Structures are given as C-alpha cells and as structure tokens.
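# Remarks on the overall topology
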Amino acid sequence: MERNDVITADNLTKRFGDFTAVDAISFSVRRGEIFGFLGANGAGKSTAMRMLCGLSVPTSGHASVAGCDVARESEKVKRHIGYMSQRFSLYNDMTVRQNIALFAGIYGLSSSQIKERCRELAETLAFEKEFDMPVAVLPLGQQQKLSFAVATIHSPEVVFLDEPTGGVDPLTRRQFWEMIYKAADEGTTVFVTTHYMDEAEYCHRVSIMVDGKIEALGTPGELKAMFNAAGMDEVFRFLARRATRQ
Ligand SMILES: Nc1ncnc2c1ncn2[C@@H]1O[C@H](COP(=O)(O)OP(=O)(O)O)[C@@H](O)[C@H]1O
Ligand SMILES: [Mg+2]
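Residues numbered from 1 in each chain as written. Chains lettered and ligands numbered in written order. Predicted model: local features only at pLDDT ≥ 70, side-chain atom pairs only at ≥ 80, totals over all residues. Heavy atoms only, no water.

So, on to the domain arrangement of the chain. One can read the domain layout of the chain as domain 1 (1-80 + 162-246) and domain 2 (90-155). With centres defined by C-alpha atoms, the gap from domain 1 to domain 2 works out at 26 Å. With 14 residues of domain 1 in contact, the opposing surface of domain 2 contributes nine residues. Roughly 920 Å² of surface becomes buried between domain 1 and domain 2 when both sides are summed, with 75% attributable to carbon and sulfur atoms. (Domains from an automatic or database assignment. Contact = heavy atoms within 4.5 Å. Buried area = accessible area lost by both parts, 1.4 Å probe.)

So, on to the packing of helix H3 (residues 96-106) against helix H4 (residues 111-125). Interhelical geometry of H3 versus H4 gives an angle of 135 degrees and a closest axis separation of 10 Å. When the axis of H3 is compared with that of H4, the two are oblique. In the crossing of H3 with H4, the sense of the turn from one axis to the other is right-handed. Within the contact between the two elements, H3 uses Arg97, Ile100, Ala101, Ala104 and Gly105 and H4 uses Ile114, Cys118 and Leu121. Classifying every residue of the contact of H3 with H4 gives six nonpolar, one polar and one charged. (Axes fitted to C-alpha atoms, helices over the stretch in contact; angles between N-to-C directions. Helix = DSSP H or I, 4+ residues; strand = E, 2+ residues; numbered from the N terminus. Parallel < 35°, antiparallel > 145°, perpendicular 65-115°, else oblique. Left-handed = near helix turned anticlockwise from the far one by under 90°. Nonpolar A, V, L, I, M, F, W, Y, C, P; charged D, E, K, R; others polar.)

Protein coordination at the magnesium ion (ligand 2) comes from Ser46 (OG) and Gln86 (OE1), with a distance range of 2.1 to 2.3 Å. You can see Ser46 sitting in helix H1 (residues 45-52) and its partner Gln86 sitting in the loop between strand E6 (81-84) and H3, a full 40 residues away along the chain. (Donors = N, O, S within 2.8 Å, 3.2 Å for Na, K, Ca; no water.)

All residues adjacent to ligand 1 are Phe16, Phe19, Ala21, Ala40, Asn41, Gly42, Ala43, Gly44, Lys45, Ser46 and Thr47. For ligand 1, an oxygen atom lies 2.7 Å from a polar atom in the backbone of Gly42. Elements that contribute at least two residues to the shell around ligand 1 include exactly strand E2 (19-30) and H1. Here the element with the most residues in the shell around ligand 1 is H1; it accounts for three residues. (Near = heavy atom within 4 Å. Polar contact = N/O pair within 3.5 Å; in protein donor to acceptor, adjacent residues only side chain to side chain.)

Here it is as structure tokens:
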C-alpha cells in the first residue's frame, strides 16, 4: 500500500451461499481522487461498497480504508467516512433542518457548528425556504443533494456515494457534481457508483465491474484509448455485453 492510498482492496470477495457477488477485486484509490465505480445492475457495486464501509464482512480477501482494516476495525472505519446509501437515508417526516441537525449530532458536531453548517448549506443547497418543511415534500434531486450534504457534514476523509444521482434530471445531476468537486477540493476522497456514462467522464479514474469482477480500470482517457472508443458509453457497452447477470 502506498502512502497516498486511502482505499485498497486486495482480492476482496463476498459470497452469498454459493453465489459470488464480489469476486476477488483488487484496486486502490489515492487521497483526493474522485473514483468512479461503474457496473451494470447486479454487477456487485453496492455489495463491494458495503464491505468498504465496514457494514458487511468480506468472505475472503482484505480491504483497508483510511488506514483501517474493514473486517477487523469496522467501527474505526466508520469514524473516517461518510456514506450515502442507494436506498434513502434521510428521515422523510422530519424537516430539512432537523435532518441536518440529527446527522451532524451523530457525527459529533457541536450546536454552534451545526448552526454554522445549516447557514452554509442554506447557501450551497439554494433551497433555504424549504428548510423548515418535511423532506418528503422536496423533489428527488433536492433530497439527493441534502443526503450528500449530510453524508459529508463532518468533512470525512472518504465519502462513499451509492448511485447518488439515480433518477435525477440532468441539470440537478450537474449541480450534484459541483458539490462532489467542492468536497474533493476540500480534501475528501470520493468513491462513487453510477451507471450514467457522462458522469464517468467527470471522475479522475474509473473501474468497470462485470459479474462481480473488475474488468477495466484507468482514467476515462486511458480506457477510451485502450478500447479504441469515442466515449465511455462505448467502453462500457463493450465490456458489459459479456455480462451474464441481469
Ligand atoms: N444479501 C444478499 N443475499 C443474496 N444475494 C445478494 C445479496 N445482496 C446482493 N445480492 C446479489 O449480489 C449481486 C450484486 O448485487 P449488488 O451489489 O446490489 O449489485 P449492484 O449494486 O452493482 O447493482 C446481485 O445478483 C444481488 O442479487
Ligand atoms: Mg447497487
């Protein structure tokens, strides 16, 4: 492991019974990188991410995140990361402000820090007038932005985003990516799954997972050159057509 690697996976594997969801994946992510974790539905992205977050125990292999072994030090891993799950993590019946305060409190921010963060977020999220409304009334894109904001409210070393822009319109996706860039600028390493190939181009490096295995890894430029493709969608189609999983 190099000093600048903040995530490393070494033959990381997860089996459910005799089905291998994640099949001996190895890779590393450098500090400050925006790393795209691509793959079709069922490829194994969420399962891999849950292991990296210390939420699921690997069947075999190893991984470390922020210097902690994800199997032996799963509680310690959680102190260094933020996690935005694919299924929603906000409380829909609570207001925006209450959600922010709740998550900030869980992560140990003081009440004055929470007030300050609410002020900042009102500006970045640009929907201050909705802050005292229940989350359920917000459009999906705003809910996703709020989810991201609470996942990074404690300035974690690494944030894991599981299809954060799924189902969101292109303009809101663009704004979402501006939030990702801002977090990266402030020093947070970003590990993000997506199946939108335009978003793959926004990442420093990407891996492409097919049926539990990592089939390609590199910068979008390197992968396009390697597969002689005009866009990442072409690279993806070329690799994904070998997939047998639905
Ligand atoms: N708890 C589980 N038990 C059994 N199979 C699972 C479980 N979680 C995921 N899987 C299977 O593992 C494969 C990968 O799932 P997942 O990691 O959610 O893929 P992705 O996030 O890439 O869509 C799928 O075939 C899924 O059905
Ligand atoms: Mg998933």
